[in-house]
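Chain residues, written in single-letter form:
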Amino acid sequence: MWGYNGQFPGPTIEAHRGEPLLVEWINALPTKHFLAIDHSLHGAERDKPEVRAVTHVHGARVSAGNDGFPEDWYPPGHAMLYHYPNGQDAATLWYHDHAMGITRLNIYAGLFGAYIVRDAEEQALNLPSGDYDIPVMLCDRLVAQDGQLYYPVSDDPDAPWVMQCLGNLVLCNGKIFPYLEVEPRRYRFRLINVANTRFFDLSLSHDQAMQQIASDQGLLAAPLERSRIELYPAERVDVVIDFASFAGKSLQLRHESQGILEFRVRAAGRRDTSALPATLRPVTRIDPAAAVHDRILTLNETDDANGNAMQMLLDGKRWSDPITENPRQNSIETWSFVNLTGDAHPIHLHLVRFQVIDRRPFDLFAWNAHRKLVFTGPPVAPEPQELGWKDTVRADAGMVTRIAMRFEGEPGRYVWHCHFLEHEDNEMMRPFEVLPAKS
Ligand code: C2O
Ligand code: CU
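An account of the accompanying structure is given in this report. All values reported here derive from a predicted model rather than from experimental measurement. (Residues numbered from 1 in each chain as written. Chains lettered and ligands numbered in written order. Predicted model: local features only at pLDDT ≥ 70, side-chain atom pairs only at ≥ 80, totals over all residues. Heavy atoms only, no water.)

**Looking at the side chain of Arg 118**
As for its placement among the helices and strands, Arg 118 is situated in strand E6 (residues 112-118). For Arg 118, a relative accessible area of 18% gives the class buried. If sequence neighbours within four positions are ignored, Arg 118 has contacts with Glu 14, Ala 15, His 16, Arg 17, Ala 90, Gln 123, Asp 133 and Arg 190. (Helix = DSSP H or I, 4+ residues; strand = E, 2+ residues; numbered from the N terminus. Buried < 20%, exposed > 50% of the residue type's maximum accessible area, 1.4 Å probe, protein only. Contact = heavy atoms within 4.5 Å.)

Set out below in C-alpha cells:
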C-alpha cells in the first residue's frame, strides 16, 4: 500500500480554530503506479507522469491555491507547501489525494488520513476528549487469496476503468475487524467513510443506540439518538457511545450484520467527568429565499449500446467544458441536483458548508422530453441528522435534491463532484469559480 508518512491511514492532523497550519506535502512515491491507470480518462493521458499526487483537505475552507485543485498534481520528487487557516467551526475533516484521473487509485492505494478541527466553543461542552476521542476511518478493499490488494478492471486493457469498486473486506482504521479496549464510560468516535464506492449501514450490537453529535461540518444543534447510521462516501458522523453499562463485556460496531470494530469494555476505569449536554451549537437555517441564484444541475450517466456506464456527467458537461458555476463571494445560492440516473450519488462541494433544503420527486419523462422540471409530489424535508452543516449530500435517484450555501472564502477556482471515486475520475467532476464580492 501507499500512505502519508508511510502510514495507512495517514497520521491524524489536529488543528485548532484560528491557528493556521502549514503542511509540506512531499511526493516521495515510486515513479510507477501499482494499479492499472486508464489513459483514456481525462487528465490521465499517456503524456502525464504515471504517478502524480496532490492533497486536498476535505471540508476545509482554504484559498484556491491551497485546496489541492486536481490539476495541481506533481510527480515524485516534488513537494507543495499548503497553508490552512482553520478559520472554521470545529469539525471532523479528512485529507486525501485528488490527482486528476487517478484519484480513485491513489486513495485506494492508501492516500488518506483524518484532519480534526477543534474550537473553544466545542471544548466548553466537555464532550469526551483526549484518549476518549477517536477517529474511525472506514473503507472496503478487495483482497485476493494471496493476500494482495486488488483493484477491479474492465475487460478492455486499454480502458480498465470500472464504474464502481466494492471490496470483500471492510477495514477500520486500516485493519480487518480490530478491537479496541475501552473503559466503561463515554467515548466520542468520529466515523468517516473513506471508501471508493461503498456506503455503510452502521449499528451497534445489543441494540445499543449511539448519540450523534455532529455531521460533516461540525456539531448538530442537539444530540440525536441513532440506532442505525447510513454513511455515504466522504460523509462524517460523530457519535458518543456510553459503555458504562457494559463493564466487562464486549460490543460490536457493525456494517449490516458484519462486525467491523469490537469494543472490549474493561471492568473498571477512571471516573468519567465528560458530559453529553442537551444542546450543542445552534445551527441557523439558511433561508433559501435569500438566494441570489437558484442553479438547476443534472446528474447524468451515459451508457454504451449494452447499457454499461461509459461515464457520468454533471449538468451534461465534461471537466474541460467552460466554467458555468460562478457564484459571487459571500452570496447565498441554492443548487438543485436533478438526478437522471438510477442511483444515488454523494455530491460534494469544496470550500463551502451547506444545508440540505429538501428532496422532491420529479417526472423524468417530462425532463427528458422538454427539459422541464415537473414535480410529482411534495418536497420531502431533510432527515433529522441532515439538519446540521454538511459538505457532502446524498442526491437520490428520481429526486431533486436542493442545498443552500453562502460562498464564504477566497475567490478562485474550486471543484464540485460526485464522491464515488470512480465517477469523479470519469467526468463526474466540474470546476466552479468564486468571483470576488461586488464592492
Ligand atoms: Cu473529498 Cu474533492 O473531495
Ligand atoms: Cu456518482
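**Thoughts on the environment of Pro 76**
Its location among the elements puts Pro 76 in the loop between strand E3 (55-58) and strand E4 (79-84). With residues up to four places along the chain from it excluded, the contact list for Pro 76 reads Asn 27, Leu 29, Pro 30, Thr 31 and Val 51.

**A short note on the side chain of Asp 216**
Summarising the element assignment, Asp 216 is placed in the loop between strand E14 (210-215) and strand E15 (218-226). Residues contacting Asp 216, with those up to four places away along its chain left out, are Ala 91, Thr 92, Leu 93, Glu 235, Arg 236, Trp 389, Lys 390, Asp 391 and Thr 392.

**Overview of empty space enclosed by the protein**
Taken as a whole and assessed by the stated rule, the structure comprises two cavities of 30 Å³ or more. What lines the largest cavity is Gly 59, Arg 61, Gln 88, Gln 217, Leu 351, Val 352 and Arg 353. A class-by-class count of the residues in the lining of the largest cavity yields two nonpolar, three polar and two charged. Here the second largest cavity defines a volume of roughly 40 Å³. Lining the second largest cavity are His 42, Met 100, Trp 319, Glu 424, Asp 425, Glu 427, Met 428 and Met 429. Of the residues assigned to the lining of the second largest cavity, the class counts are four nonpolar, one polar and three charged. (1 Å grid on protein atoms, 1.4 Å probe; cavity = no way out; pocket = protein on both sides within 12 Å on 5 of 7 lines; lining within 4 Å. Points joined across faces, edges and corners; volume = space filled by probe spheres on them. Nonpolar A, V, L, I, M, F, W, Y, C, P; charged D, E, K, R; others polar.)

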